[in-house]
Amino acid sequence: MSDDRYSRQSLYQPIGINGQEKIKNKHVLLIGCGALGTANAESLVRAGIGKLTIVDRDYVEASNLQRQQLFTEQDYLEQLPKAIAAKERLQQINSSVSISAYVMDGNSRNLASLVKEADLVLDATDNFDIRFITNDLIHQYEVPWIFGSCVGSTGMSYTILPGETPCLQCILEATPVSGATCDAVGIIAPAVQMVVAHQQAEALKILVEAVDAVRTKLVTFDLWHNQYQTIDMKRAKKDTCPTCGANPSYPNLSYEAQTKLEVLCGRNTVQIRSNRMVHLVELAERLRTIGTVKQNEFLLSLDYQPYRVVIFRDGRVLIHGTDSAEKAKAVYYQLVG
Ligand SMILES: [Zn+2]
């Protein structure tokens, strides 16, 4: 590839040739590969990041295509896992980046080894369970983390530097966020792009080690109602915090803290986690007798009226069409046993 590839970025004086070299030697862990994740990933890959690790638990659905910028109609038709579809597209954009894609639900065990190896972690999840696990892990392993969230026309971002800034737990106690989700109130794409712009500017600063340039304030905005705000969070840090305080206990890393059965808020879907690996070909054969099965090498989906059931290779199951944990469990036992 031409030497000219990163010329406009390295021409920018605060980055320079040295900064570009640093970016090439860094490893970013991206947790979540939906709207925030695809935009963050594309930006990092175009910027010439050396290594990118992507973790995501979902597959591409029609409602993703409005804003999840790496995905195509074909990815949706093939029901590709998001991490896999994203990796494929990202390698077309920049073949020199080393990309690892994990189709899995992040938990304290499988994320620990990934966080440990990363120079920077980017938040692109849609739920606070994983965010709180990440919050503990990045403090345990002292890796910077850039929080981002958006819903409707609003968004928020904050850069967490372990040992310096308050952690996510401290911030949320000081600034409660609404429980609204994109699945319940919708989202417009520019809100995603705005959060990503803030996350990516911070990422570049951290990757080139321009620590003095890092934004120390929480930024929030509402693009529809033309409101922009930055909030100083220094005072939010609590010495008694179990994550960033003087005697951390990392409460979100205990196995018990993690639910096995989870009603996905606003999605009319229940997720069930199990540790059993599934043989998709055998299972598909059995399930074909009771409904229409679609399958690829990562997952299978079954139309089982009034439900749609998606079973991943790692044993995780999504039951669409109910928000009752009890009903979902009954369907699970009927189908998977
Ligand atoms: Zn804290």
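Residues numbered from 1 in each chain as written. Predicted model: local features only at pLDDT ≥ 70, side-chain atom pairs only at ≥ 80, totals over all residues. Heavy atoms only, no water.

Asks: I would appreciate a short explanation of the sheet that holds strand 12 (residues 299-304) in the present structure.
Replies: Pairing is antiparallel in the open sheet, where six strands are placed in the order 9-10-14-13-12-11. In this open sheet, the two edge strands, each paired with only one partner strand, are strand 9 (261-264) and strand 11 (292-295). Between one strand axis and the next, the sheet turns by 15° as a mean value, whatever way the strands run. The sheet strands contacting helix 11 (residues 280-287) are strand 11, strand 12 and strand 13 (307-312), and the helix crosses strand 12 at an angle near 10°. (Pairing = 2+ DSSP bridges. Helix = DSSP H or I, 4+ residues; strand = E, 2+ residues; numbered from the N terminus. Axes fitted to C-alpha atoms, helices over the stretch in contact; angles between N-to-C directions. Contact = heavy atoms within 4.5 Å.)

Asks: Can you help me understand the packing of aromatic side chains in this one?
Replies: How two aromatic rings sit relative to each other is set out by the distance from centre to centre and by the angle between their planes. Counting across every chain of the model gives two aromatic pairs. Residues Y59 and F312 carry aromatic rings whose centres are separated by 6.3 Å and whose planes lie at 50° to one another, so their mutual orientation is tilted. One end of the pair, Y59, is in the loop between strand 2 (51-56) and helix 4 (73-77); the other, F312, is in strand 13, and 253 residues separate them in sequence. F312 matches Y59 in its accessibility class, with the two residues each being buried. Geometrically, the ring pair formed by F128 and F132 is tilted, given 5.9 Å between the ring centres and 40° between the ring planes. Highlighted residues: F128 and F132, both in helix 7 (residues 128-140), separated by four residues, approximately one helical turn. Relative accessible area serves as the criterion here: at 26%, F128 is assigned to the partly exposed category. F132 gets classed as buried once you look at its relative accessible area, which sits at 18%. Across from the ring centre of F128, 4.7 Å away, lies the NZ or CZ of R131, which sits over that ring. A cation over a ring is seen here: R316 above F312, with NZ or CZ 4.1 Å from the ring centre. (Phe/Tyr/Trp six-rings, centres within 6.5 Å; stacked < 30°, edge-to-face > 60°. Buried < 20%, exposed > 50% of the residue type's maximum accessible area, 1.4 Å probe, protein only. Lys NZ or Arg CZ within 6 Å of the ring centre and 35° of its normal.)

Everything listed here is a matter of geometry and, on its own, says nothing about what the molecule does.
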